[in-house]
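The lines below spell out each chain.
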Amino acid sequence: MLSLTSRQVDTAVDDLRTGICSWRLSQFLAWQDIKQRYRRSTLGPIWLTLSFGVQMLTMGILSSFLFNSPFSKSLPFVCAGMLFWTLITQMITDGAALFVTTSRYITQIKCPLSLFVAQAVWRNVIVAAHNVTIYIVIAVFLAVIPGPSLLLWPLGFVLDMICLSWIVLVTAVVSARYRDIPMIIQNVLTILFWFTPLMYFPEQLGSKRFIADYNPFTHMIALVRAPLMGGAPTLDDWLVVLALTVVGWAGTFLFFARFRARVVYWL
């Protein structure tokens, strides 16, 4: 059980509040990260989009062949799913190395730790915004028409980002103490890839559909993929992600308040 003092709680609240209020700074830092990565590149971030497009085309063809699905149906399904799966996994992977890679700032400048979490979120959202052009091209080419639930897409996307943010924060703190965590996370995500309906449709699992239904990432992806495919997320999708967000952030706040002051010493 975590024993917290009022000072620890107040410090954690102030850190999170300052990090949220500094969203313009975190967004600027995220853009700088991307510019720095492609400073001497001719195409810059477009390389990410091109690589994603080639990967999606390959996976779409493979999915259609292996699971005997119409190419016109499997390609947009795989592309939409992988678009958000890439966003999810990259955010978590970045979180696992977040405080270690930003240690030069944390140890020298007094700043909220949540600022770097917001920076990681913004950075990956910007990259995903580039990659979404691939899905738009595929949707137009294959005449995929979004449904009325597209109006709820922004709400589902924001809910997913809020949910992922606590995972990023927890992995960042734990990885600052235990440097083996990033490798463990990468292996776990590799396993979860095959348990998440990305290359196959959930109904294709038949009696084993519970494998996908008990995977929280299935519901997180459904919130943003289903509206793009002309369908709608189920009530279970909304409830699972909402519960995971509320419970996750409640536990994360207690954890962050308890160990926040130790991060700088672990670095």
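For the structure, see preceding data.
Predicted model, so just to flag it, every value in this text is computed and none were measured. Numbering of residues starts from 1 in every chain and runs along the sequence as written. Restriction of local features to residues with pLDDT of at least 70 applies here, the model being predicted, together with a cutoff of 80 or more for giving and counting side-chain atom pairs; totals for whole chains, interfaces and linings are based on all residues. No hydrogens and no water enter the side-chain calculation; it runs on all heavy atoms of the structure.

Student: Sorry if this is basic, but what is going on with the overall build of the protein here?
Tutor: Under the scheme used here, helices are H or I runs from DSSP no shorter than 4 residues and strands are E runs no shorter than 2 residues, and both carry numbers assigned from the N terminus. Counting its regular elements, the protein contains 13 helices and zero strands. Listing every helix and strand of the protein by position from the N terminus yields α-α-α-α-α-α-α-α-α-α-α-α-α. The globule rule puts the C-alpha radius of gyration for 267 residues at 18 Å, and the 19 Å found for the protein is close to it. Dimensions of the protein, computed from the C-alpha atoms along their principal axes, are close to 60 × 45 × 35 Å. Counting every position in the protein, which comprises 267 residues, the buried fraction comes to 46%. Every accessible area reported is derived by Shrake-Rupley at a probe size of 1.4 Å, with residue values counting cover from the shown protein chains alone. On the protein, roughly 14,400 Å² of surface is accessible, and the fraction owed to carbon and sulfur atoms is 68%. For this count, His and the chain ends are skipped, Lys and Arg are scored as positive, and Asp and Glu as negative. To locate a charge, take NZ of a lysine, CZ of an arginine, CG of an aspartate or CD of a glutamate. Taken as two groups, the 19 positive and 11 negative side-chain charges of the protein have centres that lie 10 Å from each other. When we talk radius of gyration, it's over C-alpha atoms, and the globule rule is simply 2.2 Å times the number of residues to the 0.38. Three labels apply to residues, based on accessible area from a 1.4 Å probe with only protein chains included: buried if under 20% of the type maximum, exposed if over 50%, partly exposed otherwise in between.

Student: Help me understand the environment of Ala 118 in this model?
Tutor: In this fold, Ala 118 is placed in helix H7 (residues 114-141). According to the relative accessible area criterion, Ala 118 is buried, its value standing at 19%.

Student: Would you mind showing me how to read the packing of helix H11 (residues 216-225) against helix H12 (residues 235-259) here?
Tutor: When two helices pack together, their arrangement is given by the angle between the helix axes and by the axis-to-axis distance. Orientation is described by lines fitted to C-alpha atoms, with helices fitted over the stretch in contact, and by angles between N-to-C directions that extend from 0 to 180 degrees. Direction vectors running N to C along H11 and H12 enclose 115°, while the axes themselves pass 9 Å from each other. Note on packing geometry: the crossing formed by H11 with H12 is left-handed. Side by side, H11 and H12 meet where Pro 216, His 219, Met 220, Ala 222 and Leu 223 of the first sit next to Asp 236, Asp 237, Trp 238, Val 240, Val 241 and Leu 244 of the second. Residue polarity is assigned by list, with Asp, Glu, Lys and Arg as charged and Ala, Val, Leu, Ile, Met, Phe, Trp, Tyr, Cys and Pro as nonpolar; anything else, Gly included, falls into the polar class. Here the residues of the contact of H11 with H12 are counted per class, giving eight nonpolar, one polar and two charged. Put simply, a crossing is left-handed when the front helix is turned counterclockwise from the back one by less than a right angle, and right-handed when it is turned clockwise. It only takes one pair of heavy atoms within 4.5 Å for two residues to be counted as in contact.

Student: Which parts of the structure should I look at to understand the side chain of Asp 94?
Tutor: Turning to its location among the elements, Asp 94 is positioned in helix H4 (residues 71-96). Whenever a nitrogen or oxygen atom comes within 3.5 Å of another N or O atom, the pair is scored as a polar contact, on the condition that within protein one atom can donate a hydrogen and the other can accept it, and that pairs from neighbouring residues in sequence are kept only if both atoms are in side chains. A polar contact of 3.3 Å, which involves the side chain of Asp 94, links it to the side chain of Arg 123. In this structure the side chain of Asp 94 is engaged in a polar contact, spanning 3.0 Å, whose partner is the side chain of Asn 124. Apart from residues lying up to four places away in sequence, Asp 94 is in contact with Arg 123 and Asn 124.

Student: Is there a simple way to think about the packing of aromatic side chains in this case?
Tutor: Geometry of an aromatic ring pair is reported as the spacing of the ring centres plus the angle between the planes. Two rings belonging to Phe, Tyr or Trp (six-membered ring only in the last case) form a pair when the distance between their centres is within 6.5 Å. Interplanar angles under 30 degrees mark stacking, angles over 60 mark edge-to-face geometry, and anything in between is tilted. What the rule picks out here adds up to nine aromatic pairs. Seen from their ring centres, Tyr 105 and Phe 116 are 6.4 Å apart, and the 20° between their planes marks the pair as stacked. Remark: Phe 116 occurs in helix H7 and Tyr 105 occurs in helix H6 (residues 103-106); sequence separation between them is eleven residues. You can call Tyr 105 partly exposed: its relative accessible area is 37%. For Phe 116, a relative accessible area of 4% corresponds to the buried category. Their ring planes at 50° and their centres at 5.1 Å tell us that Phe 255 and Phe 259 sit as a pair that is tilted. Residue Phe 255 and its partner Phe 259 are located together in helix H12, separated by four residues, close to a single helical turn. Its relative accessible area of 18% is what places Phe 259 among the buried residues. The aromatic ring of Phe 201 is capped on one face by Lys 73, whose charged end is 4.8 Å from the ring centroid. Here, over-ring charges are defined by two tests on the NZ atom of lysine or the CZ atom of arginine: distance to the ring centre within 6 Å, and angle to the ring normal within 35 degrees. In this structure, Arg 225 is placed above the aromatic ring of Phe 77, and the distance from its NZ or CZ to the ring centre is 3.8 Å.

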